[in-house]
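The primary structure of each chain is shown beneath.
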Amino acid sequence: MENEKKRFSDGKYFSVILLCIGFFITVICIATGSYMQTMESIQIGSVATQRYVALKDEVDVIATQKKKAEAAATVGPLYQHDSNIEQQSISEIEGFFKRLDEMQGTLRAGESLSDAIKNTSLKLPVVLSVRQYSAYQALNQQDKLGFQKSCIDIINGIYEQGVTAEAVEKSREQISVNLQQTAWNTELQEMGIAILNSALKANLVLDTDAMALARQKKEDEVEDIIIKKNQKIVDEGEIITSEIYHKLESMNLINTQDASETILPVLSSIIVVLLIFGSVFLFFYSSNKKWHSLKKNETVILFTIYIIMVLLLNTMSEVPYFTLIPLVVFPMLVSLLISRRVALLLNCFISIIGCFIFNGDVEFLLYFLLTGEFAALITRYAEKRKYVFPVAVCMAVINFVSMMAVGLFFEKGYSQGLLFSSAYGAAAGLIAVILVIGSLPFWEAIFEANTPLRLLELTNPNNELLRRLMIEAPGTYHHSLIVANLAETAAYEIDANAALARVASYYHDIGKLKYPLYFSENQAGENPHDQMEPHSSTQIITAHTTAGVQMAKEKGLPKAVINIIQEHHGNSLVKFFYYKALKQYGCDNVKEEDYRYAGPIPQSRESAIVMIADTVEAAVRSMLGQGKTLDEVEGFIKTLIKDKLDDGQLDKSGLAISDLESIRKSFIEVFKGMYHNRVAYPKKEEMDEAKKTKKPEEGDNKQ
C-alpha cells in the first residue's frame, strides 16, 4: 500500500512539474506573442525589434496621400495668354521708334542722333552705340519703316509662340537668331536685338484655378491603398521612419498607454491560462482518481507536443492564421499517440491559448475549434495505411469548408481573397496529415510511443519470433492467440490500449522458445519435469520471462511489450512445483520465495490484463479438458482473478474493482464463443442402422 501511495505521489509530482513548466512557457509565449508585440513602445528613428503586420484590412492613409500627391504633381503648369502685356510691349517698341524719328527731325545741322539722345529720356531703357544710332539715322524714311516692321513682326511671332517667365531668355535668343537672318546690316540687327530684348516680357501667366481643378481631378482618380490583414508594415532591423511610425500609430500598434494599462492584458491572460491548466489538472486527476491514467511516457509525449506547438505558434505570428499547421497537428498527434478523448478536450484549450499567442479573434477561434475537433476524430482512421490518403483529403475538405463558412459569416459575403484563404487552409490540412503520419517513427523511437501502426506491424505472423513460436512451440503459439483474443476484448471493455494488449499477448511467452518441451502445452508424451527436482523445474519455468525479455530486446520490440513480457507473471507463486517440494522436503526445508517469479508485478492495466488472460486461459483449457461445463468455468474465473488480487499481483496495475468485473464478463463472452455447444454428429454405426430403417406405413402414422 505504501509503495502504491509513493508511486502515485511520484507520478503526481512529475505531472505537476510538467504542468508548471508548460504554464510558464505558455505565459512567456503570450507575453512575447503578436498581441504584446504590437503594444511595444517605439520612436521615430529607432530600429524595429520585430516584424509588424496589420491586424486587419485598413486604409493606408500615408501611402494613399503620397500617391495622390504624386498624381497631382503630374499636372504640369497651365498658362493663359495676357494680351495686355503683348500690346504694352509692342506699344513701347513703336513709341521708341516714333521718338527717334521725332528727334531726328529736330536735329540741327551737323548734330548726330546719338548726341540728341544723350539729353533725352526714352520709354525703353535701351543702351545703343553711336554706330547703331548712325546706321538708323542714315536710313531713308521707307527703310526706317521697313526696319520697324521687321522688329514688330519678329516680336509678334515670339508672342504667338508664347513666352513664359522661365522661357524669356530662350525667347531673346530666338529674337537674335531671327534678326540675324534679315538683310539689315550688323549695326541695325544689333540695334533691333537690344530694343526687342528690352521690350520682351512673359505673355503666358500661370492659370492657378485651372491647375487646382486638374490636380483635384488627378487625386480623385487615385484609389485608396489598402493594407491587407497580416501584411508587413516594417521588418525587424529596419529603421522606423516617420511614415512607418504614423502607419503604426493609425493602426494602434504603438503603445501609448502607461505601464499599469500595459500590464493588465498580461495579467488577464495569465489568469485565463491558469484556469485552463487547472481544468486540465482536474480532468486527468479525476480519471480513475489516479494520474497513471496517463503513463509516464505518454505524459512526456503530451508535454513535448504541447511545448513544440506553442513555440511554433509564437514564431509563426507573421503568417495568415488559416495556414497555421501546428494547431491542426496538435489534436492529430494527441489522438494517435494518447487518446481521442484527450485530443478532443485539449484541442479546445490550445485553440484558446493560440488566440492569446497569435492575437487571434473570434474567427480564428471558431476555425480551429472546428477543424481541430474533426482532426482528433478522423485521424484515428489513418491507423490503417489504406485510409491515410482519404483522411488527408477529408481534412483538406473540412479545412476548406470551415474557412469558407467562417469567412462568409464574418466578412458578410464572398470574395476572391476568401477563396484563396480557403484553398490555403485546405493545403494546410493536407500537409498536416502527411506531417503527422510521417513523424510517427520519431515519437516511437524517442518517446517509445506505441502507435497503432507500429503495433499492427508486430501482429504479422511472418515476424521472426512469431514464426519460430508457431514452428518450435505450436502449443504456446496457440495459447498466445487465445490469450490475445481475451486480452484485446477485455482492454476494449475498460478503455485500455487494446492493440497493445493483443500484441503483448502474442509475444508474452516467447521466452519458452529456449526450452519449449518443458512446458505442458508443447508436450506430446513424456514430461521431463517428472525426472527433475521441483526447484530445478521452477527455475526453468520462471526463466522464460527473463529469456523473453532478452529476445524481445534483441529484436527491437517496443518497451511497453517488453515490460508486459517481464510482468505478466509478476512475482506469483509456481504452485505446482511448490506443492511438490513441500511433499518431498517438508515445509521447514522449502522457502516460498524460491518458487516465485522474479517480477515485477504488473505496472499497467494492459500488463495486468495479459496476466489474468494468461492464467485464465491455461486454467479454463485444463478444466474443459476434464469435462467441466462453461457454468463451472465462469465461477472458477472469478476465483482466479480474486487469487491474483489477494496475492497483491494487481496492486500497481491501476485496475479498479469494477474493471476486474468487466474483464471477467468479457472473458466469459469469449469462451462462450469458442466453446459453445455444438450439434453432436452421429457415429458410423448409427448411420448404418438408420439406413436399414424402413419407411413406416401410412396407417401406422395415423395410429
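Residues numbered from 1 in each chain as written. Predicted model: local features only at pLDDT ≥ 70, side-chain atom pairs only at ≥ 80, totals over all residues. Heavy atoms only, no water.

1. What about the environment of Thr451?
To keep things clear, this is the line we draw: Here a helix means four or more residues in a row that DSSP labels H or I, a strand means two or more in a row labelled E, and each is numbered from the N terminus. Summary of the burial criterion: residues with accessible area below 20% of their type's maximum are buried, those above 50% are exposed, and those between are partly exposed, where the area comes from a 1.4 Å probe applied to protein chains only. By definition, residues are in contact when any of their heavy atoms lie within 4.5 Å.
Structurally, Thr451 can be placed in the loop between α18 (416-447) and α19 (452-458). Residue Thr451 is classed as buried on the basis of its relative accessible area, which comes to 1%. Thr451 sits 113 residues away from Ile338 along the chain, and the two C-alpha atoms are 8.8 Å apart. Here Thr451 is in contact with Leu337, Leu440 and Glu444, once residues within four sequence places are set aside.

2. A few points about helix α28 (residues 657-674)
Keep this limit in mind: Every helix has an expected span of 1.5 Å times one less than the residues it contains.
With 18 residues, α28 should cover 26 Å at 1.5 Å per step; its first-to-last C-alpha distance of 26 Å lies within 8% of that length. For α28, every residue scored as buried is listed here: Asp659, Leu660, Ile663, Arg664, Ser666, Phe667, Ile668, Val670 and Phe671.

3. Details of the nonpolar core
Heads up, the condition is: Definition used in this section: a nonpolar core is a set of buried Ala, Val, Leu, Ile, Met, Phe, Trp, Tyr and Cys residues joined via side-chain atoms within 4.5 Å.
Formed by 63 residues in total, the largest nonpolar core has its most connected members in Phe330 and Leu337. When sequence neighbours within four positions are dropped, the list of residues in contact with Phe330 reads Leu302, Ile305, Tyr306, Met309, Leu346, Asn347 and Ile350. Membership of the second largest hydrophobic core comes to 56 residues, among which are Leu469, Ala560, Met623 and Ile668.

4. A closer look at the packing of aromatic side chains
Spelled out, the test is: Note on aromatic pairs: the rings of Phe, Tyr and Trp (six-membered ring only in Trp) are paired at centre separations within 6.5 Å, and the planes decide the class, stacked below 30 degrees, edge-to-face beyond 60, tilted for the rest.
Evaluation of the coordinates by the stated rule reveals 17 aromatic pairs. Centre to centre, the rings of Phe364 and Phe368 are 5.0 Å apart; their planes meet at 55°, and the pair counts as tilted. One end of the pair is Phe364 and the other is Phe368, both in helix α16 (residues 362-378) and four residues apart, which spans about a single turn. Residue Phe368 is classed as buried on the basis of its relative accessible area, which comes to 0%. The interplanar angle of 75° and the centroid separation of 6.1 Å between the aromatic rings of Phe442 and Phe447 together place this pair among those described as edge-to-face. The exposure class assigned to Phe442 is partly exposed, which follows from its relative accessible area of 44%.

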